[in-house]
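# Observations on chain architecture
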Amino acid sequence: MRIALHVDQLWFAAPGGIGTYVSRLATELPAAAPDDDVMPFSASWAGRPTPDGVPTATQSVGMPIRALYPMWAWSRRPCLPQRFGPLDAIHATNPAAIPPARPGQALVVTIHDLAFERFPDLYPPRWLRLYRRGLEIAVREAHAVLTPSRDAAAAVAARGIERERIHITPLAADPPVERSAASAPPYDAPYVLFVGTLEPRKNLPRLVRAFRAAVRDASLPHELVLAGATGWQQDALANELASDGGGRVHLPGRVGAHELEALYRGADAVAYPSLYEGFGLPVLEALAHGRPTLSSSTSSIPEVAGDAALLVDPEDDDAIAAGLVRILTDEPLRAELMEKGPVRAASFSWAATARATLDAYRDAMERARI
């Protein structure tokens with residue numbers, strides 16, 4: 001097989017879990033199928049430095065995303081350049097950007113979640129239009145649709161994608177690095193850690209309120225660290241941070257791999273009360289590090305975390321606050337979660353993700369021949 005793999009997400013200011021997914025696929029697919037040819041491709045990012053994780057063999061379509069993505073969405077042009085050579089399949093790793101396939105080429109689309117349908121007000125209008133159009137294209141044109149969870153698979157099936165076209169390809173957490181290779185913990189005080197893009201779906205204003213209530217009511221010494229790139233619609237979080245609620249909150253911004261490792265290792269607990277997830281990769285990363293983890297009882301999170309995390313209603317401030325107090329003070333619970341977390345995380349692997357993705361490519365190619 002010769003597969004074109006779309007890797008634009010790696011250049012985004014907030015690549016998030018999709019960026020991790022794209023980066024790991026670019027590495028794991030060639031390892032899983034050394035006789036196949038995986039060709040990473042991107043839009044033109046002229047003038048911007050190449051970020052870490054971008055494969056050296058990445059080919060450019062030659063157009064910036066502001067022109068390219070709307071053309072792909074509404075005119076279904078241009079096809080990938082002929083200079084890319086013969087392609088058996090094209091993998092669109094984000095439904096906001098789906099290149100058209102030529103006759104005989106298989107089109108594979110990853111739909112990570114349908115948050116843009118559930119919470120349209122939380123998305124910038126331009127991206128909302130692209131996501132919605134991408135879903136329409138996937139329904140009509142994709143030979144295979146990949147989702148990271150059963151919950152996401154059910155959601156896309158409800159939008160008209162036949163079950164036989166849907167492949168569940170769960171994500172994974174990288175194993176923790178050796179302690180000697182990690183940076184020293186960056187904070188002296190005990191802290192609760194959130195990891196992810198700072199955007200409305202992550203429910204951060206509610207987390208800040210609940211954290212402040214927890215440390216006040218239980219007289220806890222903890223601080224809150226919100227680690228991640230700044231996303232969009234920041235007013236609600238900024239207003240909450242500016243309110244006189246007590247409880248110190250740190251925003252270190254986007255962090256590198258070594259700093260993130262240190263943050264996980266040093267955290268007393270991880271909190272990820274997202275409103276909706278197609279997978280929830282930071283939850284699995286926290287479990288891999290053996291950190292007591294509080295997350296949401298909705299969407300895909302129960303499927304990912306199993307019984308290795310404390311799950312609460314993400315729309316209930318009191319439930320989040322009570323969960324934080326419990327996960328920071330209930331020593332038997334903490335010991336149980338710290339034991340279960342790494343075992344649960346080890347049941348997922350990027351090698352398995354790559355194998356399932358290759359199976360989806362083969363199925364898509366069979367469908368393209370019909």
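In this text the structure is predicted, and so the values were computed from the model without any measurement.

## What to know about the overall build of the protein
- Helix and strand content of the protein: 13 helices and 13 strands.
- Oriented by its inertia axes, the alpha-carbon framework of the protein measures out at about 65 × 40 × 40 Å.
- Across the protein, every contact between residues at least 6 apart in sequence was considered, and the portion connecting residues at least 24 apart equals 68%.
- Of the roughly 15,400 Å² that the protein leaves accessible, carbon and sulfur atoms contribute 50%.
- Here the protein contributes 37 positively and 43 negatively charged side chains, and the mean placements of these two sets differ by 7 Å.

## Description of the packing of aromatic side chains
- Scanning all chains against the criterion turns up 13 aromatic pairs.
- Between the aromatic rings of Trp-127 and Tyr-131, the centroid separation amounts to 6.4 Å while the plane-to-plane angle is 45 degrees, which identifies the pairing as tilted. Of this pair, Trp-127 and Tyr-131 both sit in helix 4 (residues 125-141), four residues apart, which is roughly one turn of that helix.
- Of the residues examined, Tyr-131 reaches a relative accessible area of 15% and is grouped as buried.
- The cationic tip of Arg-126 hangs over the ring face of Trp-127; the distance from NZ or CZ to the ring centre is 5.5 Å.

## Topic: the sheet that holds strand 3 (residues 59-60)
- Read from one edge to the other, the open sheet built from seven strands follows the order 3-2-1-4-5-6-7, with strand pairing classed as parallel. Each having just a single partner strand, strand 3 and strand 7 (166-168) make up the two edges of the open sheet.
- Pairing analysis gives three bridges linking strand 1 (residues 2-6) to strand 4 (residues 89-92), with the strands arranged parallel. Paired with Ala-4 across the bridge in strand 4 is Ile-90.
- Each of strand 1, strand 4, strand 5 (106-110), strand 6 (144-147) and strand 7 touches helix 13 (residues 350-369); the most contacted strand, strand 5, lies at about 140 degrees to it.

## Brief notes about the side chain of Thr-110
- Tracing the backbone shows Thr-110 in strand 5.
- A polar contact of 2.8 Å, which involves the side chain of Thr-110, links it to the side chain of Tyr-21.
- Setting aside its immediate chain neighbours within four residues, Thr-110 contacts Tyr-21, His-91, Ala-92, Thr-93, Asn-94, Pro-95 and Leu-146.

## Describing the pairing of strand 4
- Of the two faces of strand 4, the one carrying Ala-89 and His-91 and the one carrying Ile-90 and Ala-92 are both buried.
- Relative to strand 5, strand 4 runs parallel, the two sharing four bridges. Bridge pairing links Ile-90 to Leu-107 in strand 5.

## Some thoughts on the packing of helix 6 (residues 204-217) against helix 11 (residues 317-329)
- Orientation of helix 6 relative to helix 11, taken along the N-to-C sense of each, is 50 degrees, at an axis distance of 8 Å. The angle between helix 6 and helix 11 falls in the class oblique. The handedness of the crossing between helix 6 and helix 11 comes out as right-handed. Judged by residue contacts, Arg-206, Leu-207, Arg-209, Ala-210, Phe-211, Ala-213 and Ala-214 of helix 6 engage Asp-317, Ile-320, Ala-321, Leu-324 and Val-325 from helix 11.
- Taken together, the residues of the contact of helix 6 with helix 11 break down into nine nonpolar, no polar and three charged.

## Some words on helix 4
- Spanning 17 residues, helix 4 covers 24 Å between terminal C-alpha atoms, matching the ideal 24 Å at 1.5 Å per step.
- Turning to helix 4, its buried residues are Leu-128, Leu-130, Tyr-131, Arg-133, Gly-134, Leu-135, Ile-137 and Ala-138.

## Here's the deal with the pattern of salt bridges
- With the rule as written, the count across this model stands at 25 salt bridges.
- Where Glu-162 meets Arg-165, a salt bridge forms, and the shortest distance between an N and an O atom there is 2.6 Å.
- Looking at Glu-162, the relative accessible area reads 38%, which means it is partly exposed.
- Ionic pairing is found between Asp-317 and Arg-206, a salt bridge with its closest N-O pair at 2.7 Å. Note that Asp-317 is positioned in helix 11 and Arg-206 in helix 6, a separation of 111 residues in sequence.
- A residue is classified by how much of its surface remains accessible, and Arg-206, at 19% relative accessible area, is buried.
- Connected through salt bridges with shared partners, the residues Asp-113, Glu-199, Arg-201, Lys-202 and Glu-277 form a single ionic network.

Conventions adopted
- Residues numbered from 1 in each chain as written.
- Predicted model: local features only at pLDDT ≥ 70, side-chain atom pairs only at ≥ 80, totals over all residues.
- Heavy atoms only, no water.
- Helix = DSSP H or I, 4+ residues; strand = E, 2+ residues; numbered from the N terminus.
- Contact = heavy atoms within 4.5 Å.
- Areas by Shrake-Rupley, 256 points an atom, 1.4 Å probe, with all protein chains shown as cover.
- Lys, Arg positive; Asp, Glu negative; His and termini not counted.
- Charge placed at Lys NZ, Arg CZ, Asp CG, Glu CD.
- Phe/Tyr/Trp six-rings, centres within 6.5 Å; stacked < 30°, edge-to-face > 60°.
- Buried < 20%, exposed > 50% of the residue type's maximum accessible area, 1.4 Å probe, protein only.
- Lys NZ or Arg CZ within 6 Å of the ring centre and 35° of its normal.
- Pairing = 2+ DSSP bridges.
- Axes fitted to C-alpha atoms, helices over the stretch in contact; angles between N-to-C directions.
- Polar contact = N/O pair within 3.5 Å; in protein donor to acceptor, adjacent residues only side chain to side chain.
- Parallel < 35°, antiparallel > 145°, perpendicular 65-115°, else oblique.
- Left-handed = near helix turned anticlockwise from the far one by under 90°.
- Nonpolar A, V, L, I, M, F, W, Y, C, P; charged D, E, K, R; others polar.
- Expected span 1.5 Å × (residues − 1).
- Salt bridge = Lys/Arg side-chain N within 4 Å of Asp/Glu carboxyl O.

The quantities given are spatial measurements derived from coordinates; they are silent on function.
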